[in-house]
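# Summary of the model geometry
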Amino acid sequence: DAAKRHQRNTAPLWDAIEREPDKLAARVWETSLGQLASFFDAAKRHQRNTAPLWDAIEREPDKLAARAWKTSLHLVASFLDTARRHQRNTAPLCTALENKPEHLVSMAQQSSALGLAAFCHHAPLALIKIVLARLPGDHWDKLPSSESLAVRPGWRLGVPKLDARI
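Residues numbered from 1 in each chain as written. Predicted model: local features only at pLDDT ≥ 70, side-chain atom pairs only at ≥ 80, totals over all residues. Heavy atoms only, no water.

### Some details on the pattern of salt bridges
Scanning the model with the defined rule gives 10 salt bridges in all. With a shortest N-O distance of 2.5 Å, Arg84 and Asp81 are connected by a salt bridge. Here Arg84 and its partner Asp81 are both found in helix H7 (residues 73–85), three residues apart, which amounts to about one turn of the helix. Residue class for Arg84 comes out exposed when judged on its relative accessible area of 53%. Each of Asp41, Asp81, Arg84 and Arg85 takes part in a single network of salt bridges with overlapping partners. (Salt bridge = Lys/Arg side-chain N within 4 Å of Asp/Glu carboxyl O. Helix = DSSP H or I, 4+ residues; strand = E, 2+ residues; numbered from the N terminus. Buried < 20%, exposed > 50% of the residue type's maximum accessible area, 1.4 Å probe, protein only.)

Put into structure tokens, the structure is as follows:
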């Protein structure tokens, strides 16, 4: 998007990415799912074909799940929401997440109230139920009273503003 704003021709870059999706997919395993979701949304805005990259990533659901465990909870939900909007199959990743409910709850306990609200906004209902049902009863008492659920300027439910359209 920045290159476009500076009137640069991005077609050669996108063409190179589309020619070798497996090369880019190899780098995905070093990237946060939040950054990956942003990349897919940018590619879609540029009307690029992301199907080969999605396919390459989806061929390795265990690696995708491993990335999820290293990503904050609200950004995992954002990635799942992006995949849903791009009409991709999120079932393997959701199943992997559902199979480790203790990890999900641990991630929720480490989240801010705003991050947890973002998770509940974006995540599939099955994951939300797991997290909310297993949070300790006193979890909400432990949140700082100064922490607000109000959306901060430039933020949409805990996801940083990436461009002027959000």
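This is not the end of the story, as more comes after the structure.
### Let's talk about the packing of helix H6 (residues 61–69) against helix H8 (residues 91–98)
At their nearest, the axes of H6 and H8 sit 9 Å apart, and the two run at 55° to each other. Here H8 runs oblique to H6, going by the angle between their axes. Our pair here, H6 against H8, has a crossing hand that is right-handed. Side by side, H6 and H8 meet where Pro61, Leu64, Ala65, Ala68 and Trp69 of the first sit next to Pro92, Leu93, Ala96 and Leu97 of the second. Across the contact of H6 with H8, the residue classes tally to nine nonpolar, no polar and no charged. (Axes fitted to C-alpha atoms, helices over the stretch in contact; angles between N-to-C directions. Parallel < 35°, antiparallel > 145°, perpendicular 65-115°, else oblique. Left-handed = near helix turned anticlockwise from the far one by under 90°. Contact = heavy atoms within 4.5 Å. Nonpolar A, V, L, I, M, F, W, Y, C, P; charged D, E, K, R; others polar.)

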